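# Descriptive structure summary
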Amino acid sequence: MAHELPPLPYSYDALEPTIDKQTMTLHHDMHHGAYVKNLNAAIEKHPELASKSADELIRDLNAVPEDIRAAVRNNGGGHVNHSMFWKIMKPKGGGDPSGEIAQVIQKTFGNFNDFKTKFNDAGTKQFGSGWVWLAGKSSGEVQIVTTPNQDNPLSQGLFPIFGNDVWEHAYYLKYNNRRPEYLAAWWNVLNWDEINNRYKALKSGKTTQEPALAHR
Ligand code: MN3
């Protein structure tokens, strides 16, 4: 069975006005669609990897044969990153964080506003294409990290609790070159329930079985 593009869990216009319908359509169908297609094309050359989830593949890139390693890193990463991204957003989302993640943010960063400022600042400074994340260790400790291209914290031994896509394809149609404006608006569509599910998965050590993660 090949890797599959997961359907968007809401309609293409559901995140308006924060993220416009055309951006969502292109981003999901074309960009994420291409990562899935290219990942499958790479795996076809090494059928022994067919049973591995995309998470497993990018968690241990050194175990991937060299001739497809870059393709798996970019497209497997793209698949995992975007599968997370659609789910950690929702219509009428946003507001203050709730549950355990709210406590962790307060403990680590002092308060939610300071955390948002640091996260947005890191996303603004990520040169070129990439992602900004809240990533965690299995101990439950969290930190803000950025990754270039479609790299994922899993490849550095950290778990991606949630992240924002700062590739221009994620915001350019509506925000043009104003990345900080997109970063600031994005908090209005966050799905804190899903983010709490991901944090619980991290702490319980069930991150490879967690259905919130991208599987085939
Ligand atoms: Mn993207």
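The model shown is predicted, which means the values in this text are computed figures rather than measured ones. (Residues numbered from 1 in each chain as written. Predicted model: local features only at pLDDT ≥ 70, side-chain atom pairs only at ≥ 80, totals over all residues. Heavy atoms only, no water.)

### Structural notes on the side chain of Arg179
Tracing the chain through its elements places Arg179 in helix 7 (residues 179–186). Although buried, Arg179 forms no salt bridge, and the nearest oppositely charged side chain, Glu168, lies 6.0 Å from it. Each residue touching Arg179, except ones within four places of it in the same chain, is listed here: Gly123, Thr124, Gln126, Gly128, Val166 and Tyr171. (Helix = DSSP H or I, 4+ residues; strand = E, 2+ residues; numbered from the N terminus. Buried < 20%, exposed > 50% of the residue type's maximum accessible area, 1.4 Å probe, protein only. Lys, Arg positive; Asp, Glu negative; His and termini not counted. Salt bridge = Lys/Arg side-chain N within 4 Å of Asp/Glu carboxyl O. Contact = heavy atoms within 4.5 Å.)

### Looking at the nonpolar core
Ranked by internal contacts, the top residues of the largest apolar core, which has 59 residues, are Met89, Ile161, Phe162 and Trp186. Top contributing element to this core by residue count: helix 3 (residues 66–87), with six residues. Counting residues domain by domain, this core receives three or more from each of domain 1 (21–87) and domain 2 (99–209). Apart from the residues lying within four places of it in its own chain, the contact partners of Phe162 are Met84, Ile88, Phe115, Phe119, Val132, Trp133, Leu134, Trp186, Trp187, Leu190, Trp192 and Ile195. (Core = buried A, V, L, I, M, F, W, Y, C linked by side-chain atoms within 4.5 Å. Domains from an automatic or database assignment.)

### Topic: helix 7
Residue pairs spaced three or four apart in an α-helix point in one direction, given the helix's 3.6 residues per turn. Along helix 7, the positions that sit buried rather than exposed are Arg179, Tyr182, Leu183, Ala185 and Trp186. Down the axis of helix 7, the smallest arc covering the buried residues is 170 degrees, so these residues share one side. (Arc of directions from axis to C-beta.)

### Side note on the environment of Trp86
Take Trp86: it is sitting in helix 3. Separated by 37 residues in sequence, Trp86 and Gly123 place their C-alpha atoms 18 Å apart. Those residues in contact with Trp86, other than ones at most four positions away along the chain, are Leu8, Pro9, Tyr10, Met24, His27, His28 and His32.

### A closer look at the packing of helix 4 (residues 99–109) against helix 8 (residues 192–204)
Where helix 4 meets helix 8, the closest approach of the two axes is 7 Å, and the angle between their N-to-C directions is 75 degrees. One element, helix 4, and the other, helix 8, form an angle in the roughly perpendicular class. Every residue of helix 8 that contacts helix 4 at Gly99, Glu100, Ile101, Val104 and Ile105 is listed here: Trp192, Ile195, Asn196, Tyr199, Lys200 and Lys203. In terms of residue class, the contact of helix 4 with helix 8 is made up of six nonpolar, two polar and three charged. (Axes fitted to C-alpha atoms, helices over the stretch in contact; angles between N-to-C directions. Parallel < 35°, antiparallel > 145°, perpendicular 65-115°, else oblique. Nonpolar A, V, L, I, M, F, W, Y, C, P; charged D, E, K, R; others polar.)

### Notes on the coordination of the manganese ion
Four donors placed tetrahedrally about a metal ideally form angles of 109.5 degrees, and six donors placed octahedrally ideally form angles of 90 or 180 degrees. For the manganese ion, the protein coordination sphere consists of His27 (NE2), His82 (NE2), Asp165 (OD) and His169 (NE2), at 1.9 to 2.1 Å. Each donor residue of the manganese ion belongs to the same chain, and together they define the spacing H-x54-H-x82-D-x3-H. Here His27, found in helix 1 (residues 21–44), pairs with His169, found in the loop between strand 3 (159–165) and helix 6 (172–175); they are 142 residues apart in sequence, far enough to count as distant. With relative accessibility at 18%, the residue His169 sits in the buried group. (Donors = N, O, S within 2.8 Å, 3.2 Å for Na, K, Ca; no water.)

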